[in-house]
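Breakdown of the fold
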Amino acid sequence: MKLLARAKINWTLDITGRREDGYHLMDMLMQPVTLADEITLEIADTVTLTCGGSPLLPADEHHLALRAALALQKATGCSKGCAIHVEKHIPVGAGMGGGSADAAGVLYGLNILWELGLSPAALEAIGLTLGADVPFCLRGGLTRTTGIGDVMADQPHAPIHPLCVIQPCEGLSTKEVFTDYHAMPDIVHPATDDALSALLTDDMTAFDKAAGNVMQTVSVQKRPPIEQAIEALRQHGAVTAWMTGSGSAVFGAFNSQADADAACAALKPRWERCWSCATARESIVLL
C-alpha cells in the first residue's frame, strides 16, 4: 500500500490558556497542503521502519511513524507486523506537522492493511496519544481546532488556495518557542471568528486583517529570516503571508497557481527550501 501523508498550515494560531498539566489551549484554523511525505506499507512478521528522501531522518524509536504502528498494535492487540518506508519531503522543525502526518498516514493505512475496522474517531483517539496534531492530520479539511488539538470543528466548502511555502532557516524547537512566548510582554491575538468567515467567503483582504499567529513574534526573534521571507512573499504578490505553527516555515497565499509558481521561482535562488503547492481537502491520499 502506498499513500501520501500531507503537511498542514496554520492559517491562524492563538493560545487561549493553559491546563494544569502544562498543555496549552489553542484556537487554530488549520488545513492540509499538497506538500506530502510518501509512505509505503507492507505486511511483515515484525514492525520495521526505513526512511529516505530529504531531510533524511533516523529510522529509530523516536520516529512517529514507527511509534504509530506500535501504538496501534497495543490498542488493538493486533499481532501482525509491517514494513514501513517513509520518503520524506515535508520540512522538519517547520511547523507543518511532518511527523504528525507520518503517524496519521501509518494509522490510516494499517487500519486498512491489518483489517482492524477502527472508526475515524477511534483512530484519532490513538493519534492524540502520539501528538496534538495527529488527529487533525487524520481528519483533514479546513478545521477550527481548539483544546489541545483534540477538538475539531469541520468547515465544509473551504476554497482551495495556491501557496508558496518557504523554510528560510533551520528548524525551531516548539518547546523553546512556547517557553519564550510566556515571557512576551504584549501579545496581539488574531480575530479568529473574522478570519474564518473571511476564509470561507474567499475574502483574503479581510482575512489578512483578521489573521495572526501569536508565536510569530517569538520565532522571528530567534530566526529573523522568518520575517524576511514573509515580507518577500508579500512583495512577490502574496495576498496574505504568515508563519505556520511555531515555525520555521512560512507561507504565502496567491490569487492563482501561476502567481504562486512565479513567486517560488523568483525566491528559490535566495531560499532553496521553497515549494509551490496548494491547500487541500484531504490529509491522506491512497495511491
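Each chain carries its own residue numbering, running from 1 in the direction its sequence is written. Two thresholds apply to this predicted model, a pLDDT of at least 70 for residue-level local features and 80 or more for giving and counting side-chain atom pairs, whereas whole-chain, interface and lining totals are computed over all residues. Side-chain metrics in this entry use all non-hydrogen atoms of the structure; hydrogen atoms and water are not considered.

All right, on to the overall build of the protein then. To qualify as a helix, a DSSP run of H or I must reach at least 4 residues; to qualify as a strand, a run of E must reach at least 2; elements of each kind are numbered from the N terminus. Check the secondary structure of the protein and you find 10 helices and 11 strands. Throughout, the radius of gyration refers to the C-alpha atoms, and the reference size of a globule is 2.2 Å times the residue count to the power 0.38. By the compact-globule yardstick of 19 Å for 287 residues, the protein fits well, its C-alpha radius of gyration being 18 Å. Here the C-alpha coordinates of the protein stretch approximately 55 × 45 × 35 Å along the principal axes. Only protein chains enter the calculation, and the probe is 1.4 Å; a residue is then buried if its accessible area is under 20% of its type maximum, exposed if over 50%, and partly exposed in between. A burial count over the protein gives 55% of its 287 residues as buried.

Both site types are read off a 1 Å grid over the protein atoms alone. A 1.4 Å probe that fits but cannot get out defines a cavity, while an open set with protein on both sides within 12 Å along at least five of seven lines defines a pocket; lining residues have an atom within 4 Å of a point. Grid points are joined across faces, edges and corners, and a volume is the space filled by probe spheres set on the points. In this structure, the largest pocket encloses a volume near 1,100 Å³. Lining the largest pocket are 42 residues, with Ser100, Gly131, Ala132, Asp133 and Thr174 sitting closest to its centre. Within the residue set of the lining of the largest pocket, elements represented by two or more residues are strand E1 (2-18), strand E2 (24-44), helix H1 (64-76), helix H2 (98-113) and helix H5 (174-181). For the lining of the largest pocket, the leading source of residues is H2, giving four residues. The volume enclosed by the second largest pocket comes to roughly 170 Å³.

Whether parallel or antiparallel, the strands of a sheet pair through hydrogen bonds between backbone atoms. Think of it this way: DSSP has to see at least two bridges between two strands before they count as a pair. Strand order in the open sheet made by the four strands is E8-E9-E7-E10, with antiparallel pairing throughout. The open sheet has two free edges, formed respectively by strand E8 (240-243) and strand E10 (274-278), since each of these has just one partner strand. Mean inter-strand twist for the sheet, computed between neighbouring axes without regard to direction, equals 20°. The contact criterion used is simple: two residues touch if any of their non-hydrogen atoms lie within 4.5 Å. For helices, the fitted line uses only the C-alpha atoms of the stretch in contact; every axis is such a line through C-alpha atoms, and the angle between N-to-C directions lies from 0 to 180 degrees. Helix-sheet contacts for helix H9 (residues 225-235) involve strand E7 (162-166), E8 and strand E9 (250-253), and the interaxial angle to E8 is about 165°. Together, E7 and E10 form the strand contacts of helix H10 (residues 257-267), whose direction differs from that of E10 by roughly 170°.

Here we take up unusual backbone geometry. With an omega dihedral of 15°, the bond running from Gly247 to Ser248 counts as a cis peptide bond. Positive phi outside glycine occurs at Glu115, with the angle close to 55°. Along the chain, the position of Glu115 falls in the loop between H2 and helix H3 (120-128). Since its relative accessible area comes to 66%, Glu115 is described here as exposed. Of note in this structure, Asp202 is not a glycine but carries a positive phi near 60°. Here Asp202 lies in the loop between helix H6 (192-200) and helix H7 (204-210).

Let's shift gears to the environment of Ala104. Here Ala104 is to be found in helix H2. Overall, Ala104 belongs to the buried group, its relative accessible area being 0%. Counting along the chain gives 153 residues from Ala104 to Gln257, while the straight-line C-alpha distance between them is 28 Å. Among all residues touching Ala104, those that are not within four sequence positions of it are Val134, Cys137, Leu138 and Ile284.

Moving on, we get to the packing of aromatic side chains. Any two of the Phe, Tyr and Trp rings considered here, Trp counted by its six-membered ring, make a pair once their centres fall within 6.5 Å; the pair's planes then place it as stacked at under 30 degrees, edge-to-face at over 60, or tilted in between. Here the structure, examined in full by the defined rule, presents two aromatic pairs. Ring centres of Trp11 and Phe207 lie 5.3 Å apart, and the angle between their planes is 85°; on these two criteria the pair is classed as edge-to-face. A residue pair is termed long-range when its members are at least 10 positions apart, and Trp11 in strand E1 and Phe207 in helix H7 qualify at 196 residues. Both rings, one in Trp11 and one in Phe251, keep their centres 5.5 Å apart while their planes meet at 85°; by these two values the pair is edge-to-face. Taken together, the residues Trp11 in strand E1 and Phe251 in strand E9 connect sequence positions 240 residues apart. Its relative accessible area of 0% is what places Trp11 among the buried residues.

Right, let's talk about the pattern of salt bridges for a bit. Criterion for a salt bridge: a side-chain nitrogen of Lys or Arg within 4 Å of a carboxyl oxygen of Asp or Glu. Following the criterion strictly, the structure yields 14 salt bridges and no others. Between Asp102 and Lys88 there is a salt bridge, and its shortest N-O distance comes to 3.0 Å. Taken together, the positions of Asp102 in helix H2 and Lys88 in strand E4 (residues 81-88) put the pair 14 residues apart, joining distant regions of the chain. The same class applies to Asp102 as to Lys88, namely buried. Between Asp193 and Arg144 there is a salt bridge whose closest N-O contact spans 2.5 Å. Separated by 49 residues along the polypeptide, Asp193 in helix H6 and Arg144 in strand E5 (residues 143-147) bring together distant segments of the chain. Through salt bridges with shared partners, a single ionic network connects Asp27, Arg144 and Asp193.

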